[in-house]
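# Understanding the architecture of this molecule
Spelled out, the chains give:
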Amino acid sequence: MNQPLPPSRATIPYKAEGQYVAVCLGCGEPLKHHQRSFRVRDEKAIDFDDRVLIDFMGWFCPDCKERMLGFLQGGIRAAVERMKEKQKTLQLLDKKDREALSQVEEGPECREL
């Protein structure tokens, strides 16, 4: 059942910068209030590397939301197939192309609504 957050916990954990109020967890782009499409609500995350609980709240833009939710479709079998396809593609690239590709950040551009 969806329950609203108490007002004290519903606030943004960092100061807004002008018109931007959040950062997309998927692509790192700043988001305006109306661009926030999807929010991770659980404010405690387990950091398995450092073995600690951390405070965590984040937003996704519409493009990253669709991409992330698309990754969940098909489960692990589909994820393994995507990984295999990506490996095949990388094997086809020659060394020069791989070096050029490594200089480019992945992720869709956040679009303004």
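Heads up: the structure comes first, above all this text.
Residues numbered from 1 in each chain as written. Predicted model: local features only at pLDDT ≥ 70, side-chain atom pairs only at ≥ 80, totals over all residues. Heavy atoms only, no water.

## Focus on the overall build of the protein
- Along the protein, the regular secondary structure elements total three helices and six strands.
- Looking at the 113 residues of the protein, the share that counts as buried comes to 17%.
- Of the contacts formed within the protein by residues at least 6 apart in sequence, a portion of 51% connects residues at least 24 apart.
- Of the roughly 9300 Å² of accessible surface on the protein, 55% is carried by carbon and sulfur atoms. (Helix = DSSP H or I, 4+ residues; strand = E, 2+ residues; numbered from the N terminus. Buried < 20%, exposed > 50% of the residue type's maximum accessible area, 1.4 Å probe, protein only. Contact = heavy atoms within 4.5 Å. Areas by Shrake-Rupley, 256 points an atom, 1.4 Å probe, with all protein chains shown as cover.)

## Some points on the pairing of strand β4 (residues 44–47)
- In β4, alternate side chains face the same way, and those of Ala-45 and Asp-47 are buried while those of Lys-44 and Ile-46 on the opposite face are not.
- Bridging between β4 and strand β5 (residues 52–55) involves four bridges; their strand directions are antiparallel. Across the sheet, Ile-46 pairs through a bridge with Leu-53, a residue of β5.
- The turn linking β4 back onto β5 is made up of four residues, and Arg-51 within it adopts a positive phi angle of 55°. (Pairing = 2+ DSSP bridges.)

## Things to note about the nonpolar core
- In terms of nonpolar packing, the biggest core is built from 10 residues, these being Val-21, Ala-22, Cys-24, Cys-27, Leu-31, Met-57, Trp-59, Phe-60, Cys-61 and Cys-64.
- The set of elements that each furnish at least two residues to this core consists of β1 (20–23) and β6 (58–60). (Core = buried A, V, L, I, M, F, W, Y, C linked by side-chain atoms within 4.5 Å.)

Function-wise, these values are silent; they only describe arrangement.
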